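Inside the fold
Below, each chain spelled out in residue letters.
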Amino acid sequence: MHRYIPNTEADEKLMLGSIGAESIEDLFVDIPKSLRLDRKLNIPGPLSELELSAHMKDLSHANKSTEDLVCFLGAGAYDHYIPSIVRHLAMRSEFYTAYTPYQPEISQGTLQVIFEYQTMICKLTGMDVTNASMYDGATACVEAAMMAVESAKRDSIIVSKTVHPEVRKVLKSYMRFRDVEVIEADMADGVTDAEKLKSLVGSNTAGVIVQNPNFFGIIEDLSEVEKIVHGNKSVLIDYVDPISLGILKSPAESGVDIVVGEGQSLGNSMSYGGPYLGFMATNIKLMRKMPGRIVGQSDDVDGKRAFVLTLQAREQHIRRYKATSNICSNQGLNALTAAIYMTTMGKKGIREVAEQSTKKAHYAMKQLTKSGRFKPLFDKPFFKEFAVTSATESNKINKELLKHNILGGYELEKDYHEFKNSLLLCVTEKRTKEQIDKLAQAMEVI
């Protein structure tokens with residue numbers, strides 16, 4: 001793959017000559033001179049490939065990554081181990097250059113990838129059907145809310161305050177322009193307050209959004225929530241960590257109607273915040289309300305296995321006057337990466353990742369709180385994230401941890417003002433006992 005292909009003066013002359021232009025300026029004759037920038041851009045001159053590579057490396061060294069730091073930060077992006085085979089296969093040129101599969105006869109490979117991805121997401125969540133992926137977890141959650149509004153013919157959405165703060169912000173932004181009311185349900189000891197939720201649910205409630213495990217890493221009991229929501233004939237939406245489904249009851253078993261979440265932890269690197277993929281799965285009843293595309297399996301004229309776009313009624317190029325979503329694409333390469341990861345790990349592998357993360361997180365909590373200086377913020381069962389509180393400012397703790405090459409936890413006060421001096425820490429299967437002990441020792445003397 002060529003990474004550096006400059007155009008010489010001879011190249012420019014040849015290209016301009018082929019279209020009958022004498023100079024590059026001729027390409028802009030339709031733009032009035034008064035609107036043009038009558039000077040050169042204020043940028044440095046050109047660099048050789050060697051110089052440019054060195055410059056970009058210098059810039060990259062200004063940042064520290066999980067290659068340099070031991071990561072105990074989660075809050076939506078997770079430092080899980082990614083087997084080398086995942087990137088090796090996902091970066092094959094036939095995958096990363098593939099375009100949208102509108103023509104199935106020449107897109108069988110892309111369609112099969114999506115079909116396999118959909119199959120595994122359905123098995124992981126227990127739901128009937130899933131789409132080809134979405135932009136990210138937050139927008140997938142928004143689309144689920146729109147599905148609820150369209151299905152229930154109501155215009156109010158309730159979201160628990162234990163749902164990721166950024167997801168709630170994105171939800172409010174979208175719903176504001178659709179004249180849909182967003183009501184936040186209070187929490188009690190880090191979980192959704194079922195009694196307060198019950199008082200909020202009414203005749204105008206289209207759907208209720210909960211997260212499990214929630215933003216604080218706590219495993220929520222959805223049984224009471226499910227009764228409240230379905231008793232009102234509303235839609236129950238669950239925002240989940242896919243890795244947690246290796247050991248927790250599936251959303252389908254909890255009576256959830258729509259499952260959404262962030263798929264970054266399925267083999268996609270953190271990449272400074274993206275690109276990621278959102279996954280969405282639902283039941284047969286709501287299938288035709290789901291945005292994006294669904295790939296199905298069929299037979300071709302010779303009776304051979306073939307893949308086709310089965311359902312895409314809500315995309316902008318079909319029945320767009322009835323569309324309730326503008327989603328007409330999917331995060332194909334990220335979904336492929338997730339499919340390769342799930343295939344590589346298998347049921348046992350994902351379960352082991354989940355178990356190791358849970359056990360190590362509980363070990364970390366024990367080590368951090370045994371002296372009494374740090375205390376658990378909540379007294380609830382948790383998955384791979386937990387919150388601790390102390391008398392020391394959280395930002396001071398994180399600054400000191402950086403001196404030990406440790407990336408500390410998320411400062412909860414940024415989004416929850418009532419939780420001063422509280423850190424949300426994450427422990428994945430990558431963390432070793434030695435690293436956890438070092439974290440505890442470093443925090444103890446701050």
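What comes next is a walk through the structure. (Residues numbered from 1 in each chain as written. Predicted model: local features only at pLDDT ≥ 70, side-chain atom pairs only at ≥ 80, totals over all residues. Heavy atoms only, no water.)

Observations concerning the pattern of salt bridges
Rules: In what follows, salt bridge is the name for a side-chain nitrogen of Lys or Arg lying within 4 Å of a carboxyl oxygen of Asp or Glu. Helix and strand labels come from DSSP, where a helix needs a run of H or I of at least four residues and a strand needs a run of E of at least two; each type is numbered from the N terminus.
For the structure on display, the rule yields 17 salt bridges. A salt bridge links Glu94 to Arg92; the shortest N-O distance between them is 2.7 Å. A salt bridge links Lys380 to Asp189; its shortest N-O distance comes to 2.8 Å. Here Lys380 is found in the loop between β13 (375-376) and β14 (385-389), whereas its partner Asp189 is found in the loop between β5 (187-188) and β6 (191-192), with 191 residues between them in sequence.

Digging into the sheet that holds strand β8 (residues 235-240)
So the rule is basically this: By the convention used here, strands pair only if DSSP detects at least 2 bridges between them. Working rule for contacts: check all heavy atoms of both residues, and any pair within 4.5 Å makes them a contact. Axes here mean lines fitted to C-alpha atoms, for a helix over just the part in contact, with angles spanning 0 to 180 degrees between N-to-C directions.
Taking strand neighbours across the sheet as the criterion, the 7 strands line up as β2-β10-β9-β8-β7-β3-β4 in an open arrangement whose pairing is mixed. In the strand order of this sheet, the two ends are held by β2 (129-130) and β4 (181-185), each with one partner. Relative to β8, strand β7 (residues 205-211) runs parallel, the two being bridged by 5 bridges. Across the sheet, the residue bridging to Gln211 is Tyr239, located in β8. Set on the sheet, helix α5 (residues 108-125) makes contact with β2, β9 (258-262) and β10 (278-282); between it and β10 the angle comes to about 65°. Sheet strands in contact with helix α7 (residues 165-176) are β3 (156-160), β4, β7 and β8, and its direction is about 155° off that of β4.

Considerations on the state of the cysteines
The condition is simple: We call a pair of cysteine sulfur atoms a disulfide when they lie within 2.5 Å. The buried label goes to any residue with under 20% of its type's maximum accessible area, the exposed label to any with over 50%, and the partly exposed label to all in between, with areas taken from a 1.4 Å probe on protein chains only.
For the structure shown, the criterion picks out 0 disulfides. Left without a disulfide partner, Cys426 is nearest to the cysteine sulfur of Cys71, which lies 6.9 Å away. Under the relative-accessibility criterion, Cys426 is labelled buried at 2%.

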